[in-house]
Amino acid sequence: MKIAFLGTGLMGSGFVRRMRANGLEVNVWNRSAAKARALTDSGARAFDAAAAAVAGVDRIHLSLADDASVDAVLEPLAGRILASTWIVDHTTTAVTPTAERVARWNARGCVLVHAPVFMAPVNAQEGSGLMLVSGEKSRHDALLPALQAMTGKVIWLGEAPERAAAFKLFGNMTLLGMLGVLGDVNRLAHAVGIPTAEAFALYEQFNPGQLLPARAARISAGQFANPSFEIAMARKDVRLMIDEAARHDVALAVMPGVAALYDAAIARGEGSRDTTAAFRYPVD
């Protein structure tokens, strides 16, 4: 099996080293040529042009920055990639452009499968982590052995080719949103004179992530009666956070947005409903 890997940044480099460890022949290309050449110590072959890297390969993998970079790399290769050469894109991309991209390559008689990942570079090199795949089930089934060799777990998310892109954004939104909350905790801690390390030590004993599945299930099921925490009381707590920070001339970044959602729910007469009701969408 001969592979071309386009995009050898931190993630791509990890994937290439994993492929080489599994005995695959790998051609590599990167816009910054030095990053591709750095992989020659693993036995990969570095090319200065993407067209040369993909010539005669059985499968092409990509790990790039965004939709624009994927199209900038792939579009010049249209007509050079054989129908027998499948394209597997691990880039985190937006939902609509992903659907359009797959349709465009389908129309050219080529197979493009989107397979974004929840991994750090070390996971890519070790072959551990989570890979998401969507698109025709037959394509998933054909690729599954190769993808399993790249990661610890592969999840197929359905026939619509853009679904993996959506679920990757859901996951990253959760992770980045958590960082936003940590930023506000840090700001509030600074405001009241508690060192960041001491404030964050709370999470050694209190793991709010354990509550996430139950809260998500309540929102998706629309079960807002019999509240465990009323919207009105949650809004009071958010006010305490914002006001205390403001007393010390510190502005919170995330909690004002949460406050706005609570205010809208209270304005709808939902102050006595469960706190999760404020976060449903659309509002019925």
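Residues numbered from 1 in each chain as written. Predicted model: local features only at pLDDT ≥ 70, side-chain atom pairs only at ≥ 80, totals over all residues. Heavy atoms only, no water.

Undergrad: Would you mind showing me how to read the overall build of the protein here?
TA: Scanning the protein from N- to C-terminus turns up 12 helices and nine strands. Viewed in the frame of its principal axes, the protein has a C-alpha envelope of about 65 × 45 × 30 Å. As presented, the protein carries roughly 14400 Å² of accessible surface, and 58% of it is formed by carbon and sulfur atoms. Computed over 28 positive and 27 negative side-chain charges, the inter-centroid distance for the protein is 5 Å. (Helix = DSSP H or I, 4+ residues; strand = E, 2+ residues; numbered from the N terminus. Areas by Shrake-Rupley, 256 points an atom, 1.4 Å probe, with all protein chains shown as cover. Lys, Arg positive; Asp, Glu negative; His and termini not counted. Charge placed at Lys NZ, Arg CZ, Asp CG, Glu CD.)

Undergrad: When you look at the sheet that holds strand β9 (residues 153–156) in this model, what are you seeing that I'm missing?
TA: Pairing between sheet strands relies on hydrogen bonds along the backbone, with the strands arranged either parallel or antiparallel. An order of β7-β8-β9 is seen for the three strands of this open sheet, with the pairing classed as mixed. In this open sheet, the two strands that pair with only one neighbour each are β7 (117–118) and β9. Pairing of strand β8 (residues 130–133) with β9, which is carried by four bridges, proceeds in the parallel orientation. Residue M131 lies in a different strand from β9, and its bridge partner there is V154. (Pairing = 2+ DSSP bridges.)

Undergrad: Looking at this model, I keep getting lost on the packing of aromatic side chains. Mind explaining?
TA: Aromatic ring pairs are described here by two measures, namely the spacing of the ring centres and the angle between the planes. By the definition in use, this model includes four aromatic pairs. When the centroid spacing of 6.2 Å and the interplanar angle of 45° are considered together, the rings of F200 and Y203 count as tilted. A relative accessible area of 29% means that Y203 is categorised as partly exposed. Directly above the aromatic system of W105 lies the positively charged group of R108, at a separation of 4.6 Å from the ring centroid. Just above the ring of W156 sits the side chain of K137; from NZ or CZ to the centre is 5.5 Å. (Phe/Tyr/Trp six-rings, centres within 6.5 Å; stacked < 30°, edge-to-face > 60°. Buried < 20%, exposed > 50% of the residue type's maximum accessible area, 1.4 Å probe, protein only. Lys NZ or Arg CZ within 6 Å of the ring centre and 35° of its normal.)

Undergrad: Explanation requested: the side chain of D184 in the structure shown.
TA: Mapped onto the elements of the fold, D184 is located in helix α8 (residues 163–191). For D184, a relative accessible area of 4% gives the class buried. Not counting residues up to four positions away in its chain, the partners in contact with D184 are L252, A253, V254 and M255. (Contact = heavy atoms within 4.5 Å.)

Undergrad: Is there a simple way to think about the sheet that holds strand β6 (residues 112–114) in this case?
TA: What the six strands build is an open sheet, ordered β3-β2-β1-β4-β5-β6; its pairing is parallel. At either margin of the open sheet sits one strand with a lone partner, and together these are β3 (45–46) and β6. With three bridges joining them, strand β5 (residues 86–89) and β6 adopt parallel strand pairing. Looking at the pairing, I87 lines up with L112 of β6. Lying over the sheet, helix α7 (residues 137–148) contacts β4 (59–62), β5 and β6, oriented at roughly 70° with respect to β5. (Axes fitted to C-alpha atoms, helices over the stretch in contact; angles between N-to-C directions.)

Undergrad: Quick question: what am I supposed to make of the pairing of strand β2 (residues 25–29) here?
TA: The two faces of a sheet get side chains in turn, since along a regular strand they alternate between them. Here β2 lies mainly inside the structure; four of its five residues are buried. Across five bridges, the pairing between strand β1 (residues 2–6) and β2 is parallel. Each bridged residue has a counterpart across the sheet, and for L6 the counterpart in β2 is W29. Assessed by its sense of winding, the connection that carries the chain from β1 through helix α1 (residues 10–21) to β2 is right-handed. Relative to β3, β2 runs parallel, the two sharing two bridges. The residue of β3 that forms the bridge with N27 is R45. (Right-handed = clockwise from strand over helix to strand, strands pointing away.)

Undergrad: Whenever I open this one, unusual backbone geometry confuses me. Can you help?
TA: A cis amide bond, omega 0°, links Y281 with the succeeding residue P282. Position of P282 relative to the elements: it lies in the segment after α12 (255–267). Its identity as a non-glycine residue notwithstanding, N226 has a phi of 50°, on the positive side. Tracing the sequence through the fold places N226 in the loop between α10 (212–221) and α11 (231–247).

Undergrad: Could you clarify how one ought to interpret helix α4 (residues 67–74) in this entry?
TA: One full turn of an α-helix is made of 3.6 residues, so residues set three or four places apart face in the same direction. Among the residues of α4, those classed as buried are D67, S69, V70, V73 and L74. Summarising the axial view, the buried residues of α4 lie within an arc of 165°, below the 170-degree limit, and thus occupy one face. Turning to α4, the residues buried within the fold contact β1, β2, β4, β5, α5 (95–107) and β6. Taking the backbone nitrogen of A68 as reference, a side-chain oxygen 3.3 Å away marks D66 as the first, capping residue of α4. (Arc of directions from axis to C-beta. Polar contact = N/O pair within 3.5 Å; in protein donor to acceptor, adjacent residues only side chain to side chain.)

Undergrad: Would you mind showing me how to read the packing of α4 against α5 here?
TA: Relative orientation and spacing of two packed helices are given, respectively, by the angle between their axes and the distance between those axes. At a minimum axis distance of 11 Å, the contact between α4 and α5 shows a crossing angle of 15°. Comparing their axes, α5 and α4 come out roughly parallel. Where α4 crosses over α5, the handedness of that crossing is left-handed. Here D67, V70, D71 and L74 of α4 come into contact with α5, specifically with P97, T98, R101, R104 and W105. Considered class by class, the residues forming the contact of α4 with α5 number four nonpolar, one polar and four charged. (Parallel < 35°, antiparallel > 145°, perpendicular 65-115°, else oblique. Left-handed = near helix turned anticlockwise from the far one by under 90°. Nonpolar A, V, L, I, M, F, W, Y, C, P; charged D, E, K, R; others polar.)

Bear in mind that shape data such as this cannot, by itself, settle questions of function.
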